[in-house]
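# Survey of secondary and tertiary structure
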Amino acid sequence: MAIQRLSLTNFRNIPVADLMPAAGINVFIGKNGSGKTSLLEAIYLLSLVRSFRSKNITKLINHSAEQFTVFAQIKADATTAYSLGIQRKHQEAETEILFRGQKPAGVAELTATLPVQLINPDTFRLLEGSPKERRQFLDWGVFHVEPSFMHAWKRFQRALKQRNSLLRRGRIDPFEIQLWENELAINGELITAYRQEYLARLKPLFASLLARFLASQAFVLNFQRGWDKNLSLAESLLASRVKDSEQGFTQIGPQRADIRVAINGYAAMDILSRGQQKLVVSALKLAQGALLSELRNKQCVYLIDDLPAELDRQHRMIFCEVLEQQSGQVFITGVDADALAEGWQQPKSISWFHVEHGQISPKPYLSTK
Ligand SMILES: Nc1ncnc2c1ncn2[C@@H]1O[C@H](COP(=O)(O)OP(=O)(O)O)[C@@H](O)[C@H]1O
Ligand SMILES: [Mg+2]
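Residues numbered from 1 in each chain as written. Chains lettered and ligands numbered in written order. Predicted model: local features only at pLDDT ≥ 70, side-chain atom pairs only at ≥ 80, totals over all residues. Heavy atoms only, no water.

## Remarks on the pattern of salt bridges
If you walk through the whole model with that rule in mind, you get 16 salt bridges. Linking Glu 41 and Arg 12 is a salt bridge whose minimum nitrogen-to-oxygen distance equals 2.7 Å. Pair noted here: Glu 41 is in helix α1 (residues 36-48) and Arg 12 is in the loop between β1 (2-11) and β2 (14-19), with a separation of 29 residues, a long-range link. With a relative accessible area of 0%, Glu 41 lands in the buried category. (Salt bridge = Lys/Arg side-chain N within 4 Å of Asp/Glu carboxyl O. Helix = DSSP H or I, 4+ residues; strand = E, 2+ residues; numbered from the N terminus. Buried < 20%, exposed > 50% of the residue type's maximum accessible area, 1.4 Å probe, protein only.)

## So, the sheet that holds β1
Strand order across the open sheet formed by five strands is β2-β1-β4-β5-β6, with antiparallel pairing between neighbours. Here the strands that pair on one side only, and so sit at the sheet edges, are β2 and β6 (96-99). Averaged over all pairs of adjacent strands, the angle between strand axes in this sheet comes to 10°, irrespective of strand direction. Its contacts with the sheet place α1 against β1, β2, β4 (67-75) and β5 (81-89), and it is angled at close to 115° to β1. (Pairing = 2+ DSSP bridges. Axes fitted to C-alpha atoms, helices over the stretch in contact; angles between N-to-C directions. Contact = heavy atoms within 4.5 Å.)

## Considering the site of ligand 1
Taken together, 15 residues sit near ligand 1, with Gly 33, Lys 36, Thr 37, Ser 38 and Arg 53 positioned nearest. One of the backbone nitrogen or oxygen atoms of Lys 59 is found 3.0 Å away from a nitrogen atom of ligand 1. Between a nitrogen atom of ligand 1 and a main-chain N or O atom of Ile 61, the distance comes to 2.8 Å. For ligand 1, whose accessible area on its own is 580 Å², the fraction buried by protein is 73%. Across the shell around ligand 1, the residue classes break down as one nonpolar, nine polar and five charged. (Near = heavy atom within 4 Å. Polar contact = N/O pair within 3.5 Å; in protein donor to acceptor, adjacent residues only side chain to side chain. Areas by Shrake-Rupley, 256 points an atom, 1.4 Å probe, with all protein chains shown as cover. Nonpolar A, V, L, I, M, F, W, Y, C, P; charged D, E, K, R; others polar.)

## Some points on the packing of helix α10 (residues 274-296) against helix α11 (residues 313-325)
The relative placement of two packed helices is expressed as an angle between their axes plus a distance between the axes. Two elements in contact, α10 and α11, have axes separated by 12 Å at closest approach and are oriented at 5°. Put simply, α10 runs roughly parallel to α11. Contact residues: Leu 279, Ser 282 and Leu 286 in α10; His 315, Phe 319, Val 322 and Leu 323 in α11. Class assignment for the residues of the contact of α10 with α11 results in five nonpolar, two polar and no charged. (Parallel < 35°, antiparallel > 145°, perpendicular 65-115°, else oblique.)

## Remarks on the sheet that holds strand β10 (residues 266-267)
Across the sheet, which stays open at both edges, the three strands sit in the order β8-β9-β10 with antiparallel pairing between neighbours. Two strands in the sheet have a free side with no partner beyond their single neighbour: β8 (219-224) and β10. Where strand β9 (residues 258-263) lies against β10, two bridges are found, and the strand directions are antiparallel. Bridging across to β10, Ala 262 finds its partner in Ala 267. Running at roughly 95° to β9, helix α4 (residues 131-145) makes contact with β8 and β9 of the sheet.

## Examining α11
Compared with the 18 Å implied by 1.5 Å per residue over 13 residues, the 19 Å span of α11 between its first and last C-alpha is a close match. Tucked into the core, α11 has its buried residues touching β3 (25-30), β7 (116-119), α6 (174-213), α10, β11 (301-304) and β12 (330-334). (Expected span 1.5 Å × (residues − 1).)

## Regarding the nonpolar core
Judged by nonpolar contacts, the single largest core of 69 residues is most densely connected at Phe 206, Phe 213, Val 261, Ile 304, Phe 319 and Ile 332. For this core, the element with the highest residue contribution is α6, accounting for 13 residues. Beyond its immediate chain neighbours, meaning those up to four positions away, Ile 304 contacts Leu 40, Ile 119, Phe 319, Leu 323, Val 330, Phe 331, Ile 332 and Thr 333. Within the second largest apolar cluster, 41 residues are counted, among which are Leu 39, Leu 48, Ala 65 and Ile 97. (Core = buried A, V, L, I, M, F, W, Y, C linked by side-chain atoms within 4.5 Å.)

## Some details on the packing of α4 against α10
Look at α4 against α10: their axes get within 10 Å of each other, and the N-to-C directions meet at 10°. Classed by the angle they form, the pair α4 and α10 counts as roughly parallel. Taken together, the residues of α10 that come into contact with α4 (itself represented by Phe 137, Leu 138, Trp 140, Gly 141, His 144 and Val 145) are Leu 284, Lys 285, Gln 288, Leu 292, Leu 295 and Arg 296. Grouping the amino acids of the contact of α4 with α10 by side-chain chemistry returns seven nonpolar, three polar and two charged.

## Quick word on the domain arrangement of the protein chain
Domain assignment breaks the protein chain into domain 1 (1-115 + 299-369) and domain 2 (124-298). Distance from the C-alpha centre of domain 1 to the C-alpha centre of domain 2: 29 Å. Each side of the interface is counted separately: domain 1 has 20 residues, and domain 2 has 20 residues. In total, about 1,700 Å² of surface goes out of reach between domain 1 and domain 2, with carbon and sulfur atoms giving 64% of it. Across the contact surface, domain 1 and domain 2 share two salt bridges. A salt bridge links Glu 321 to Arg 212; the shortest N-O distance between them is 2.8 Å. Connecting domain 1 to domain 2 are nine residue pairs in polar contact (both at pLDDT 80 or more). Contributing elements (two or more residues each) for the side of domain 1 that touches domain 2: α2 (107-113) and α11. Broken down by element, the side of domain 1 that touches domain 2 gets its largest block of residues, seven residues, from α11. Broken down by class, the residue content of the side of domain 1 that touches domain 2 amounts to twelve nonpolar, five polar and three charged. (Domains from an automatic or database assignment. Buried area = accessible area lost by both parts, 1.4 Å probe.)

Below, the structure written as structure tokens:
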């Protein structure tokens, strides 16, 4: 999986861009405000039809234009390529998507075709942010490797909504609530089993990456499934019915699951520096990509915004080495070309681009030292 061609029109400060990125590593160098993050945002959009910076997608339309377009040709394997276009107009309420010439059934179709992982200066927040973000991270991985996950997830969400609305109604029909609890229990246990199986496979890959990033630190990746360890989900739902109806929502279950990273017995976010936290989260994300490739033979696209930020030279070099050894396509941005020129085993295979005032063009690296 790799983007062979990428065209942008009126996307943020980029009026027009047409690139042929390499299947391996692409480095984008430019001053602050030149448009580097915008470029990554456009690729992220192709996978998820949303931005990591703005809630409202119309913010991505260039200020002096009526619409933006992002178009990509995605290489699926040696002989197959798909086209994907996304357009948003100010006057229209919906974002138009054309995938292989047709309107896709849902965003999941795009996400499955083009798995994207973002590593940016906010990445360390995964450790200290809300459990919701960590669940999203975990489920991204499960979704991509377990084809039945989505089905169980949708049924679970529907049942959860129904149970919550019954809880808020006051007088609860025990028969009706039992029906939804059965549905919740079946799908919730399934989701949890998928998550646990996934984490069991992820752990060794995470461990080996982390050993390279943070040598000699003993870590544990803990999974909390979201309800009492000694009860089944059905038992737990029954036991919390009264409390749940007081609160008006379901307080236990996989919708409350969390993952935690502990280093030497302490929560990672409490003892590691921001740079180290960034490395831990990067190791988690890179492990996800490696697992996807191992289990599904699918490569994910890495968007790495401002790689040198908060990493010292040694860790930057290890990072580059790790990126070069994995099989996915990589888009890296940085302000300083020299900081991103070291650490490559095969410097000749790196594709360099220069970004200036929204113009993106290939430009071979020339040392300024
Ligand atoms: N909708 C928009 N239209 C035009 N310019 C925009 C829009 N949104 C953001 N910008 C501008 O685009 C520039 C590039 O931003 P960004 O991609 O974050 O740069 P970089 O990552 O290279 O520092 C910024 O100067 C910002 O003010
Ligand atoms: Mg930026």
